[in-house]
Amino acid sequence: MSELVCKTLDHDATDVLIDKWLEHRNDAYWEWFMRVRERRHSALHSLQRGDQLLAWSKGDFVPENIFMRTVDTARLIPLDLFTMLPELMLLRGMHDHGCDDIFIIVTDMKRAEMDAATEYFKFVCQYTFGRTMKPDTEREIHYRHARLKHTLEHQRRTPCFPQIDLIFRAILYERRPPFIVLFSHQTTSYSQIFFTDPLFVPASDIFFDFPSGCPNPCCTEDCEMIRFPRHGRDSAAVLPLRRGRRPGSFRRVRAREMCNWIDCDVAFTESTPVGEGSESSSTSGKGSADTTRPPVRGQVCSKCKLVKYCSAEHQRKDWEEHRRLCVKPATAEKDEV
């Protein structure tokens, strides 16, 4: 049986990865970051719900100077970890919560086998989590599982497909991550990223020209090391998981705009429940009025117009980090001229 390996990166290991990135950076990724910097997306566009903004306003090309707006809290946080796989770096930076652990299942599947595994996991997630399966659906899942098992055994792939299937479902059920990576080290294959909700898919208007990662300049978009969804949800592998209150279902994902101070839990776009996991939505009358706080309007940074704070105190606390990003928008400078 294969072993699950948990690797925790301390500060020293992170510094080593950053040094390697800066010394041996791929020119294609470097040029992409430069193009994103030159685009200078407007503040109003960046604050649209569901979009991500990659901001590099000033300073050297180092992690603490590159910020990404998260899809779950709309905060701008620095990319504090540069890995040798830029796709994982960006996906990690897209989320404020629930992405401290990145789950990667390493296989040696080829392209056709990866395509079949992708369709299998989509089908399984559509009819298993939080649902009662019909007999014909259960038979179809067993048939697809047996077919993939036989194919991988015949090609002597490791780990075997029952192990991959068990690990994949266990991670989904127990950890509920924003995404799982099914990684293949075959040179003729690709690695698939499975997203657990459409909200977690990168925005196509920012990542449409993201490099494929292949060092061969003659390759097309179909040649890629990791299938990063540069064209948004249309090209992403999103698992159709059932969401709701039924046993086995996943929680509903809601995009929120929160105070940019990392230790603050104030949300601007909704009434905030007093207690986590409270059933205030199911009560009525005085009960529901007593269990929620009114929404907070917040204050936008007067210089960059990119972030919001619930109070001047939290803006002061966040300034040590936000100062590395805060510049006056280019449109505002033109207006003044």
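Predicted model only: the values in this text are computed from it and were never measured.

**Quick look at the confidence of the model for the chain**
Thought 1: Per-chain confidence: the chain averages 79 in pLDDT, with 74% of residues scoring 70 or above.
Thought 2: Here residues 271–291 is modelled with pLDDT under 50, and outside its nearest four sequence neighbours on either side it reaches 22 contacts, counting other chains as well.
Thought 3: Note that pLDDT drops below 50 for residues 332–337; the model gives that stretch two contacts with residues more than four away or on any other chain.

**Observations regarding unusual backbone geometry**
Thought 1: Residues Thr158 and Pro159 are joined by a peptide bond in cis, for which omega reads -5°.
Thought 2: For Pro159, the position within the fold is in the loop between α6 (135–154) and α7 (161–175).
Thought 3: The phi angle at Arg156 is positive, at roughly 60°, despite the residue not being glycine.
Thought 4: We classify Arg156 as exposed; its relative accessible area is 74%.
Thought 5: At Lys305, a position not held by glycine, the phi torsion is positive, near 60°.
Thought 6: Mapped onto the fold, Lys305 is located in the loop between β11 (299–300) and β12 (308–309).
Thought 7: When its relative accessible area of 39% is taken as the criterion, Lys305 is described as partly exposed.

**Notes on the environment of Val296**
Thought 1: Along the chain, the position of Val296 falls in the loop between β10 (292–293) and β11.
Thought 2: Overall, Val296 belongs to the partly exposed group, its relative accessible area being 31%.
Thought 3: As a C-alpha pair, Val296 and Ser311 span 15 residues in sequence and 9.9 Å in three-dimensional space.
Thought 4: When near neighbours in sequence (up to four residues on either side) are disregarded, Val296 contacts Val266, Ala267, Phe268 and Cys310.

**Quick notes on the sheet that holds strand β3 (residues 76–78)**
Thought 1: A sheet is described by the order of its strands in space; here three strands give the open sequence β1-β2-β3, paired in antiparallel fashion. Each edge of the open sheet is held by one strand with a lone partner, namely β1 (54–55) and β3.
Thought 2: Bridge count between β1 and strand β2 (residues 67–69): two bridges; the pairing is antiparallel. Bridge pairing links Ala55 to Phe67 in β2.

**Some words on the state of the cysteines**
Thought 1: Taken as a whole and judged by the stated rule, the model has zero disulfides.
Thought 2: Between Cys310, a cysteine without a disulfide, and Cys264, which holds the nearest cysteine sulfur, the sulfur-to-sulfur distance is 3.7 Å.
Thought 3: Cys310 gets classed as partly exposed once you look at its relative accessible area, which sits at 23%.
Thought 4: Distance from the sulfur of Cys326, which forms no disulfide, to the nearest cysteine sulfur (Cys301) is 3.7 Å.

**As for the packing of helix α5 (residues 111–127) against α6**
Thought 1: Where α5 meets α6, the axes come as close as 11 Å, and the angle between the chain directions of the two elements is 155°. For the element pair α5 / α6, the angle class is roughly antiparallel. You can see that α5 and α6 cross each other, and the crossing is left-handed. Only Thr137, Glu140, Ile141, Arg144, His145, Leu148, Thr151 and Leu152 of α6 make contact with α5, whose side of the interface consists of Glu113, Ala116, Ala117, Glu119, Tyr120, Phe123, Val124 and Tyr127.
Thought 2: Taken together, the residues of the contact of α5 with α6 break down into nine nonpolar, three polar and four charged.

**Structural notes on the packing of aromatic side chains**
Given two aromatic rings, one states the distance between the centres and the angle between the planes to describe the pair.
Thought 1: Taken as a whole and judged by the stated rule, the model has 13 aromatic pairs.
Thought 2: Considering the side-chain rings of Trp32 and Phe33, the 5.2 Å spacing of their centres and the 75° angle between planes classify their relative orientation as edge-to-face. Here Trp32 and Phe33 have matching classes, each one buried.
Thought 3: Of the aromatic side chains, those joined through ring pairs into one cluster are Trp32, Phe33, Phe207, Phe210 and Phe228.
Thought 4: Between the NZ or CZ atom of Lys308 and the centre of the ring of Phe268, over which it lies, the distance is 4.8 Å.

**Section: the pairing of strand β5 (residues 179–184)**
Thought 1: Taken across its six residues, β5 has five buried, putting it largely inside the fold.
Thought 2: Note: strand β4 (residues 103–107) against β5, five bridges, orientation parallel. Along β5, the bridge assignment pairs Ile105 with Leu182.
Thought 3: Pairing between β5 and strand β6 (residues 191–195): four bridges, direction antiparallel. Its bridge partner lying in β6, Leu182 is registered against Gln192.

What counts, and where the lines are drawn
For every chain, the first residue of the written sequence is number 1, and numbering continues from 1 along that sequence. Local features in this predicted model are restricted to residues of pLDDT 70 or higher, and side-chain atom pairs are both shown and tallied only at a pLDDT of 80 or more, whereas totals for entire chains, interfaces and linings draw on every residue. With hydrogens and water stripped out, all remaining heavy atoms of the structure feed into the side-chain values. One number per residue, pLDDT, summarises how confident the predictor is, and it ranges from 0 to 100. Any pair of residues with heavy atoms lying within 4.5 Å of one another is described as a contacting pair. Counting from the N terminus, the helices are the DSSP runs of H or I reaching at least four residues and the strands are the DSSP runs of E reaching at least two. Partly exposed describes any residue whose relative accessible area lies between the buried limit of under 20% and the exposed limit of over 50%, with all areas from a 1.4 Å probe on protein chains only and scaled to the type maximum. Any two strands with at least two DSSP bridges between them are considered paired. Disulfides are defined as cysteine sulfur pairs within 2.5 Å. In this description, a line fitted to the C-alpha atoms serves as the axis of each element, helices being fitted only across the stretch in contact, and the angle between N-to-C directions of two axes falls anywhere from 0 to 180 degrees. The scheme is simple: roughly parallel for angles under 35 degrees, roughly antiparallel for over 145, roughly perpendicular for 65 to 115, oblique for anything else. By convention the crossing between two helices is left-handed if the near helix lies anticlockwise of the far one by an angle smaller than a right angle, and right-handed if it lies clockwise. Polar here means any residue outside two lists: the nonpolar Ala, Val, Leu, Ile, Met, Phe, Trp, Tyr, Cys and Pro, and the charged Asp, Glu, Lys and Arg; Gly therefore counts as polar. Note on ring pairs: Phe, Tyr and Trp rings are taken, using the six-membered ring of Trp, and paired if centres are within 6.5 Å. Classes follow the plane angle, with under 30 degrees stacked, over 60 edge-to-face and the rest tilted. A ring is scored as having a charge over it whenever the NZ atom of a lysine or the CZ atom of an arginine sits within 6 Å of its centre and within 35 degrees of its normal.

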